[in-house]
Amino acid sequence: MHPTTPSFRHASPAELAAALQDARNYTLRLFDLCAAAGYDELSRVPHIATINPPLWELGHIAWFAEWFILREAASSHPAAAQRDSLLTQGDDWFDSGTVPHRSRWTLELPRAGALKTYCHEVLDRTLDKLARADGGDTALYPYRLALAHEDMHGEALLYTLQTLGVGVPEGLLHAPALHVPGAQLSYPGGRIVLGGGTGAGFAFDNEKNGAPHQVAAFQIDANLVSNAQFAEFVADGGYQDGRHWSANGRAWLMLQERSAPRYWQRAGSQWRGERFGRLCTLAGAEPVRHVNLYEAQAYCAWLGRRLPSEAEWQFAARSGQGGFNWGQLWEWTASPFEPYPGADFTPDAYREYSAPWFGTHQVLRGASFATPARMLSPHFRNFYLPDRDDMFVGLRTCAA
């Protein structure tokens, strides 16, 4: 796990101010890496379904903070803002709820310099307003929401750099730790309450109102599946043997020319992987990354095991038993993304955060090396489409 860092969920005004500045500095640093590779121009960015043009990302991040903090919008409804944007066409350009993904390459956006000025102005006004806010959860909610939003988009920008093959300075990344694979942890099971959004502080809407849940006894990997372990599956013809794959996995595999995880390349007896535009020899003890849900399920089936449910994952992460190592890569679970069983789900102010994705996305738990430490929580539910493999995502296996 990451070193202990104050969570954004309970951050005080002073902690929020420092974190908001830190997040904005990081956003601008990543954008500058995109710009240095020419990707600050919309026309130079490939049309890829899993990324946004970096110029649009830059404006959207600042617009979101302006919307909820400076414009005091009570929700993400297009008419909810109490005042106009600093940008004449800000809503027409950067409202992700009304601007379709495919259209973001054709917008007449301001140049990078003008959007950076907008970013600085929004942050300056945000920090000034925060300095006068009281320390209650209601008053701090929009600041915590904007910080979480920027942190998540910062990680997405790093996915974009990986997808586009843009180099990243070594000091910007913290490589996942190397672990000796094979260690197993056993848990007796018991009763837990899924989620954690019932007390003070910030919680996402999909974490709230979790009902008590009974977890049966289970065994789970202490560490993520490694490159060496996954290479055994590849060497055994795992991608060619349809018996290991679900029906949806076989359908996905039929459309691919894939015989190993994304970015893997054979180099003699070794595997090499592409990391931010550079090829490197894959360390056997490093967690395998860039595998989608179908690949994760197939590996588990080949091994005679399965993915953990999110209830099992949360049980292990919160048990207090040592040895459960998480926070290196996001982890696929066996759980579809839905409201918690028995939960009375109600969307929060950011109405489009969860509800549109119920039933189509899969839950991931944990965090990655690219996730700011202030975002870490055993309650956090990430969610992606099953075929996504551009994220920093891996897996661990489980059994009854």
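Quick note: structure is the one above.
Read on for an overview of the structure.

Rules used in this analysis
Residues numbered from 1 in each chain as written. Predicted model: local features only at pLDDT ≥ 70, side-chain atom pairs only at ≥ 80, totals over all residues. Heavy atoms only, no water. Pairing = 2+ DSSP bridges. Helix = DSSP H or I, 4+ residues; strand = E, 2+ residues; numbered from the N terminus. Contact = heavy atoms within 4.5 Å. Axes fitted to C-alpha atoms, helices over the stretch in contact; angles between N-to-C directions. Salt bridge = Lys/Arg side-chain N within 4 Å of Asp/Glu carboxyl O. Buried < 20%, exposed > 50% of the residue type's maximum accessible area, 1.4 Å probe, protein only. Parallel < 35°, antiparallel > 145°, perpendicular 65-115°, else oblique. Nonpolar A, V, L, I, M, F, W, Y, C, P; charged D, E, K, R; others polar. Left-handed = near helix turned anticlockwise from the far one by under 90°. Polar contact = N/O pair within 3.5 Å; in protein donor to acceptor, adjacent residues only side chain to side chain. Core = buried A, V, L, I, M, F, W, Y, C linked by side-chain atoms within 4.5 Å. Phe/Tyr/Trp six-rings, centres within 6.5 Å; stacked < 30°, edge-to-face > 60°. Lys NZ or Arg CZ within 6 Å of the ring centre and 35° of its normal.

A few words on the sheet that holds strand β1 (residues 184-187). Judged by pairing direction, the sheet is antiparallel, and its three strands sit side by side in the order β1-β4-β12 without closing on themselves. Each edge of the open sheet carries a strand with a single partner, namely β1 and β12 (398-399). As paired elements, strand β4 (residues 218-221) and β12 share two bridges and run antiparallel to each other. Residue pairing for β12: Ile 220 is matched across the bridge by Cys 398. Those strands touched by helix α9 (residues 310-318) are β1, β4 and β12, and its axis lies near 75° from that of β4.

Turning our eyes to something else, we now look at the pattern of salt bridges. Within the structure shown, the criterion is met by 26 salt bridges. With a closest N to O distance of 2.6 Å, Glu 121 and Arg 125 form a salt bridge. Linking Glu 121 with Arg 125, this pair stays in helix α4 (residues 112-130), spanning four residues, or about one helical turn. Since its relative accessible area comes to 41%, Arg 125 is described here as partly exposed. Put simply, Arg 388 and Asp 390 hold a salt bridge, and the shortest N to O gap is 2.5 Å. Several salt bridges converge on common partners, so that one network encompasses Arg 258, Arg 262, Glu 295 and Asp 389.

Any two packed helices are characterised by the angle at which their axes cross and by the distance between the axes. Across the interface, helix α6 (residues 227-235) lies against helix α8 (residues 293-303) with an axial gap of 10 Å and an inter-helix angle of 80°. Relative to α8, the element α6 lies roughly perpendicular. Between α6, through Gln 229, Phe 230, Glu 232 and Phe 233, and α8, the contact on the second element is made entirely by Glu 295, Ala 298, Tyr 299 and Trp 302. Of the residues assigned to the contact of α6 with α8, the class counts are five nonpolar, one polar and two charged.

Once that is clear, we can look at the packing of helix α1 (residues 13-36) against helix α5 (residues 137-164). Put simply, α1 and α5 touch, their axes get as near as 10 Å, and they point 25° apart. Classified by the interaxial angle, the pair formed by α1 and α5 is roughly parallel. Helix-helix and strand crossings are classified by hand; for α1 and α5 the assignment is left-handed. Contact residues: Pro 13, Leu 16, Ala 19, Leu 20, Ala 23, Arg 24, Tyr 26, Thr 27, Leu 30, Leu 33 and Cys 34 in α1; Leu 140, Tyr 143, Arg 144, Leu 147, Glu 150, Asp 151, Gly 154, Leu 157, Leu 158 and Leu 161 in α5. Each residue belonging to the contact of α1 with α5 can be placed in one class, and the counts come to 15 nonpolar, two polar and four charged.

What follows concerns unusual backbone geometry. Look at Tyr 263: it is not a glycine, yet its phi comes out positive at around 80°. Unlike most non-glycine residues, His 290 shows phi in positive territory, near 60°. Assessed through its relative accessible area of 1%, His 290 is described here as buried.

This brings us to the side chain of Arg 258. With respect to the helices and strands, Arg 258 occurs in the loop between α7 (247-254) and β5 (264-267). A polar atom in the side chain of Arg 258 sits 3.5 Å from the side chain of Glu 295. Excluding anything up to four places from it in sequence, Arg 258 contacts Tyr 239, Trp 252, Leu 253, Glu 295 and Asp 389.

Nonpolar side chains in soluble globular proteins tend to be buried together. Of all hydrophobic cores here, the largest spans 120 residues; its most connected members are Leu 161, Phe 230, Trp 264, Trp 332 and Leu 395. When sequence neighbours within four positions are dropped, the list of residues in contact with Leu 161 reads Leu 30, Leu 33, Cys 34, Val 166, Val 168 and Phe 276.

What the rule picks out here adds up to 37 aromatic pairs. Taking 4.9 Å as the distance between ring centres and 20° as the angle between the ring planes, the aromatic pair formed by Phe 204 and Tyr 353 counts as stacked. Residue Phe 204 is found in the loop between β2 (190-193) and β3 (212-215), and its partner Tyr 353 is found in the loop between β8 (330-336) and β9 (362-366); the two are separated by 149 residues along the sequence. We note that Phe 204, like Tyr 353, is buried. Measuring from centroid to centroid gives 5.9 Å for Tyr 350 and Tyr 353, while their planes differ by 40°, and the two rings are tilted. Positioned over the ring face of Tyr 340 is Arg 381, at 4.1 Å from the centre of the ring. The ring of Phe 324 is capped by Arg 396, whose NZ or CZ atom sits 4.1 Å from the centre of that ring.

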